[in-house]
Amino acid sequence: MSRPGRELPLDRLAPEAVAGVRILPVVHDSVECTAVVRAVLEKLDPAGVAVELPRSLAAAAERAVVRLPRITLVVSEEPGEDALVWTCAPAEPFAEALRWAHERGRTRALIDPDLPYGERHRDPVPDPYALWALGGARYLALLVDACPEEGGPEDEAREAGMAYHVREAAARIAPGTLLVVVGAAHARRLASRLAAGPLAAPLGRVRRATTELAHLHPESLTALLPEPPLAHAVWERRRSGDESIRSVFEKAIAPRVVLERRGLRLLAGASAEERRDRLREVADFAACHAARALAGGVVAPDRWALGRAAWRVAVASYREQTEGTVAPWQRRLFFDFARRYAHVEGRLVPGLYEWTVAARGVGDDNLAWELFDVLRAYPWQGEHAEIATARVEGDELDLGSRRIRFRRRFLRTKSRPLALSGRRRERPEDPDEWLRAFSTGDLCSYPPEDLVVEEYGRYLRHKAVALLSAERERSEPFSGSFLDGVDLRETLRHLGDDRRVRVREMGRVPGEAGSVVVIFDRDHDASGERFPFRMTWHGEHHQESDMAFYSTDPAAQVVGPGILRATYGGFLLVHPPGRLWDVWSDPDYASARDKAETLLAAAIDYSLGRLVVQVARRPPSGAMQRRAAEQGKRILHVPLGALAPATLRKVRVVHLLAGRDKRAIARDYLW
């Protein structure tokens, strides 16, 4: 676990309070403090470990530690009180101390007397990430010095009871050393009580009415863990000291669910085993790129590096899933925004919430989802276990048979519920169920997406006409008619010349815009044919255009039962509907150089207006312009870069449904 050659200031980190008892202050739920605990344990090699947990939870806490790396909730109820919950996770300092002692057969003691405790105050705790700069000894010393010398009445009673049980545990292992791991606020006062005279036995609860273990559902990990579950996964992979961890970046990228046809249809990429394999690869990749030596050479997760590793995987997954791109300026803005947001929140390093919000700000919901999905990766947590599975919904704990309100054992300073603002993605619980939905060979569109595309086509017709009109606009001094209005800009520009008002006349556009062609990408690039799927379909009513398009293979991305997702390479809109033949098999377009030119040639032929709107990166070829001129038409080119990128991303996605009955459920699966 630790690397040799690193000196650990043991006496400063865990000073000896009395003979045979050392006290190590920690910050609750801190990943960095967990590394310090492990380093002190390895260096000191104590005969016993004592932690600040209620004695009434001793048996349950022992079972929870044995279940690691599976994360367990210890839920304790007492009539008239909120349920008490302790989350036993790998990178939690107390869990690590108990786990280390359990693996070596050392004495373990829970020293909190479990007295009624109503205080819910927040101590000012600086971000433990400062450990990387200050070192463990200095950070913890400053933290202990900043804590008040006197606590409230309930804290005083608890510390008196803890001191009693520390003495009791130390007596059992004498002459060995007992390491006491407690919150930093208690460390100095506990040491003072140990050094004082005899102590009375506290009147704490011996047992609680109900104490049980619950397996935490993987989707609820982000609700209870203060740090991203991926940080715990990195700690778990590194705590064994294994230096041979290797990762394959390509395997960490989120795979598509693909509909394959090999005699029998099957879904690839949808099974639970494939999902777990991917989570293991994500954890290994983060363990290789987001961990370094901290206290005493113990390798710990570096939360800032964790954000960089998660960003790399998320961006690659985003490209794989959406065909989208992420520019370098988005990366710079992502880290800058997240860092500043964390500072506003009083932290040095962003947490899961700040990372996710930053990704949504510089990209879209899909990029935020990919980052969230990476940061919550924890491969050991299945949906089912040998004990009951619990979910967290708001401030309630769903134990399956009942729901209870609860309070955490240790209050978090920056506690907040994490709700992803974007749409969640459904995963196939039963891949066969998704597969059965493809029993019909019919494909149809999703009407709400049709409305978006239709409305965008109308917008492009108006924009193209406006651009042409602007090209022909002229301005002249007022001479008796205001024409199309006062040209304020030209009037101000010539104010010092002749002080005459300028009026403008908009250019008249011959004819109306008819067909619309949008070319996002050519059908070939250096990697080969990107958009192999071609289709022509008619509008379902008189307000909907006929459409021809080419896109990515929809069978390469299954997003729901009988629901396919594809990305347009280009599409053609022709109105009124019911006139468009299959342009992809029409011999009139056999001479077209590529799919984009086929769509443009068909747009010229089927357009009822004199103007054909073409949106593309490049203007049409001379051959297409001559073809339009021969029919008395004109192609209006609108550069793709002149349109809003966010709208283009929205319009470019199409979902194909295997039967009209899927329209009723499609809303729950589209993203």
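## Remarks on the overall build of the protein chain
Phase 1 of the analysis: Across its full length, the protein chain carries 22 helices and 27 strands.
Phase 2 of the analysis: In terms of its C-alpha atoms, the protein chain occupies a principal-axis envelope of roughly 105 × 80 × 55 Å.
Phase 3 of the analysis: Of the contacts made within the protein chain by residues no fewer than 6 positions apart, 75% connect residues no fewer than 24 positions apart.
Phase 4 of the analysis: Counting only carbon and sulfur atoms, one obtains 50% of the accessible surface of the protein chain, whose full area is about 30,300 Å².

## Quick notes on unusual backbone geometry
Phase 1 of the analysis: Residue Pro 69 is bonded to the preceding Leu 68 through a cis peptide linkage, with omega at 15°.
Phase 2 of the analysis: Among the structural elements, Pro 69 can be located in the loop between helix H3 (58-67) and strand S4 (72-77).
Phase 3 of the analysis: Here the residue pair His 575 and Pro 576 is connected by a cis peptide bond, since its omega of 5° sits within 30 degrees of zero.
Phase 4 of the analysis: Among the structural elements, Pro 576 can be located in the loop between strand S24 (563-574) and helix H20 (595-606).
Phase 5 of the analysis: Unusually for a residue other than glycine, Asp 29 sits at a positive phi of about 65°.
Phase 6 of the analysis: By the element assignment, Asp 29 lies in the loop between strand S2 (21-26) and helix H2 (31-44).
Phase 7 of the analysis: On the basis of relative accessibility, which here comes to 13%, the residue Asp 29 falls in the buried class.

## Some words on the pattern of salt bridges
Phase 1 of the analysis: Evaluated as defined, the whole model comprises 52 salt bridges.
Phase 2 of the analysis: In this structure, Arg 22 engages Asp 11 in a salt bridge whose closest nitrogen and oxygen atoms are separated by 3.0 Å. On the criterion of sequence distance, the pair formed by Arg 22 in strand S2 and Asp 11 in helix H1 (residues 10-13) is long-range, its members being 11 residues apart.
Phase 3 of the analysis: For Arg 22, a relative accessible area of 13% gives the class buried.
Phase 4 of the analysis: A residue is classified by how much of its surface remains accessible, and Asp 11, at 54% relative accessible area, is exposed.
Phase 5 of the analysis: A salt bridge links Glu 540 to Arg 660, with the shortest nitrogen-to-oxygen separation between them at 3.7 Å. Of the two residues, Glu 540 is situated in the loop between strand S21 (533-537) and strand S22 (546-551) and Arg 660 in the segment after strand S27 (653-657); the sequence distance between them amounts to 120 residues.
Phase 6 of the analysis: Its relative accessible area of 56% is what places Arg 660 among the exposed residues.

## Quick look at a nonpolar patch on the surface
Phase 1 of the analysis: On the surface, a nonpolar cluster with roughly 330 Å² of combined accessible area is contributed by Phe 478, Phe 482, Val 486 and Val 501.
Phase 2 of the analysis: Along the chain, the position of Phe 482 falls in the loop between strand S16 (474-477) and helix H19 (488-493).

## Thoughts on the side chain of Glu 370
Phase 1 of the analysis: In this structure, Glu 370 sits in helix H16 (residues 365-375).
Phase 2 of the analysis: The contact partners of Glu 370, leaving out residues within four places of it in the chain, are Ala 254, Ala 314, Ser 317, Tyr 318, Gln 321 and Arg 425.

## Describing the packing of helix H14 (residues 328-344) against helix H15 (residues 352-362)
Phase 1 of the analysis: Contact geometry for H14 and H15: axes closest at 9 Å, N-to-C directions at 140°. With respect to H15, the axis of H14 lies oblique. Like other packed secondary-structure pairs, H14 and H15 cross with a definite hand, here right-handed. Taken together, the residues of H15 that come into contact with H14 (itself represented by Trp 329, Gln 330, Leu 333, Phe 334, Phe 335, Phe 337, Ala 338, Tyr 341 and Ala 342) are Tyr 353, Glu 354, Trp 355, Val 357, Ala 358, Ala 359 and Val 362.
Phase 2 of the analysis: By residue class, the composition of the contact of H14 with H15 is 14 nonpolar, one polar and one charged.

## Here's the deal with the sheet that holds S2
Phase 1 of the analysis: Pairing in this open sheet of five strands is mixed, and the strands run S1-S2-S7-S3-S6 from one edge to the other. The sheet is open, and its two edges are formed by strand S1 (16-18) and strand S6 (107-112), each paired on a single side. Neighbouring strand axes in the sheet, compared pairwise and without regard to direction, differ in orientation by 35° on average.
Phase 2 of the analysis: Two strands pair when backbone bridges link them, and strand S3 (residues 48-54) and S6 are joined in this way by five bridges, in the parallel orientation. Considered in S6, the bridge of Val 51 is made with Leu 110.
Phase 3 of the analysis: Against the sheet, helix H4 (residues 93-104) engages S2, S3, S6 and strand S7 (178-183), with an angle of about 140° to S3.
Phase 4 of the analysis: Along the sheet, helix H7 (residues 153-173) makes contact with S2, S3, S6 and S7, crossing S6 at roughly 160°.

## Remarks on the environment of Arg 108
Phase 1 of the analysis: Residue position: Arg 108 is located in strand S6.
Phase 2 of the analysis: By relative accessible area, which is 28% here, Arg 108 ends up partly exposed.
Phase 3 of the analysis: Taking the C-alpha atoms as reference points, Arg 108 and Arg 38, separated by 70 residues in sequence, lie 15 Å from one another.
Phase 4 of the analysis: What Arg 108 contacts, discounting residues up to four positions off in sequence, is Val 49, Glu 62, Leu 98, Ala 101 and His 102.
Phase 5 of the analysis: Looking at Arg 108, its side chain comes within polar contact range of the side chain of Glu 62, at 3.0 Å.
Phase 6 of the analysis: Of the polar contacts made by the side chain of Arg 108, one reaches the backbone oxygen of Arg 106; its length is 2.7 Å.

## Some points on the pairing of S27
The side chains of a regular strand alternate, first on one face of the sheet and then on the other.
Phase 1 of the analysis: Taken across its five residues, S27 has five buried, putting it largely inside the fold.
Phase 2 of the analysis: Burial of S27 is two-sided: the residues Val 653, His 655 and Leu 657 facing one way and the residues Val 654 and Leu 656 facing the other way are all buried.
Phase 3 of the analysis: Note: S24 against S27, five bridges, orientation antiparallel. Within S27, the position partnered with Leu 564 by the bridge is Leu 656.

## Considering the nonpolar core
Phase 1 of the analysis: If you look at the biggest cluster of nonpolar residues, it comprises 128 residues, and the most contacted ones within it are Leu 24, Val 40, Val 51, Trp 86, Val 180, Leu 230 and Phe 334.
Phase 2 of the analysis: With sequence-adjacent residues up to four places away left out, Val 51 is seen in contact with Phe 94, Ala 97, Leu 98, Ala 109, Leu 110, Ile 111, Asp 112 and Val 181.
Phase 3 of the analysis: Grouped together as the second largest cluster of nonpolar side chains are 47 residues, Met 547, Val 651, Leu 656 and Ala 658 included.

## Concerning helix H22 (residues 645-652)
Phase 1 of the analysis: Of the residues making up H22, those classed as buried are Leu 648, Val 651 and Arg 652. One side of H22 carries all its buried residues, which in axial view fall inside an arc of 95°.
Phase 2 of the analysis: Buried residues in H22 make contact with helix H18 (447-471), S24 and S27.

## Quick notes on the packing of aromatic side chains
What characterises a pair of aromatic rings is the spacing of the ring centres plus the angle enclosed by the ring planes.
Phase 1 of the analysis: If you walk through the whole model with that rule in mind, you get 22 aromatic pairs.
Phase 2 of the analysis: Note on Phe 533 and Phe 549: the rings are 6.2 Å apart at their centroids and 40° apart in plane angle, and the pair reads as tilted. Residue Phe 533 is found in strand S21, and its partner Phe 549 is found in strand S22; the two are separated by 16 residues along the sequence.
Phase 3 of the analysis: Overall, the relative accessible area of 0% leaves Phe 549 in the buried class.
Phase 4 of the analysis: Measuring from centroid to centroid gives 6.3 Å for Tyr 550 and Trp 584, while their planes differ by 90°, and the two rings are edge-to-face. Residue Tyr 550 is located in strand S22, and its partner Trp 584 is located in the loop between S24 and H20; the two are separated by 34 residues in the primary sequence.
Phase 5 of the analysis: On the accessibility criterion, Trp 584 (15% relative accessible area) is buried.
Phase 6 of the analysis: Pairwise contacts between aromatic rings join Phe 520, Phe 533, Trp 537, Phe 549, Tyr 568 and Phe 571 into one cluster.
Phase 7 of the analysis: Stacked on the ring of Phe 249, the Lys or Arg Arg 312 has its end atom at 4.9 Å from the ring centre.

## A few points about H3
Phase 1 of the analysis: For H3, the full list of buried residues reads Ala 60, Ala 61, Ala 64, Val 65 and Arg 67. Taken end-on, H3 shows its buried residues confined to a sector of 155°, consistent with a single buried face.
Phase 2 of the analysis: On its buried face, H3 is in contact with S4, strand S5 (83-88), H4, S6 and strand S8 (210-216).

Rules used throughout
Residues numbered from 1 in each chain as written. Predicted model: local features only at pLDDT ≥ 70, side-chain atom pairs only at ≥ 80, totals over all residues. Heavy atoms only, no water. Helix = DSSP H or I, 4+ residues; strand = E, 2+ residues; numbered from the N terminus. Contact = heavy atoms within 4.5 Å. Areas by Shrake-Rupley, 256 points an atom, 1.4 Å probe, with all protein chains shown as cover. Buried < 20%, exposed > 50% of the residue type's maximum accessible area, 1.4 Å probe, protein only. Salt bridge = Lys/Arg side-chain N within 4 Å of Asp/Glu carboxyl O. Patch = residues over 30% accessible without salt bridge, like charges linked within 9 Å, V, L, I, M, F, W, Y side chains within 5 Å. Axes fitted to C-alpha atoms, helices over the stretch in contact; angles between N-to-C directions. Parallel < 35°, antiparallel > 145°, perpendicular 65-115°, else oblique. Left-handed = near helix turned anticlockwise from the far one by under 90°. Nonpolar A, V, L, I, M, F, W, Y, C, P; charged D, E, K, R; others polar. Pairing = 2+ DSSP bridges. Polar contact = N/O pair within 3.5 Å; in protein donor to acceptor, adjacent residues only side chain to side chain. Core = buried A, V, L, I, M, F, W, Y, C linked by side-chain atoms within 4.5 Å. Arc of directions from axis to C-beta. Phe/Tyr/Trp six-rings, centres within 6.5 Å; stacked < 30°, edge-to-face > 60°. Lys NZ or Arg CZ within 6 Å of the ring centre and 35° of its normal.

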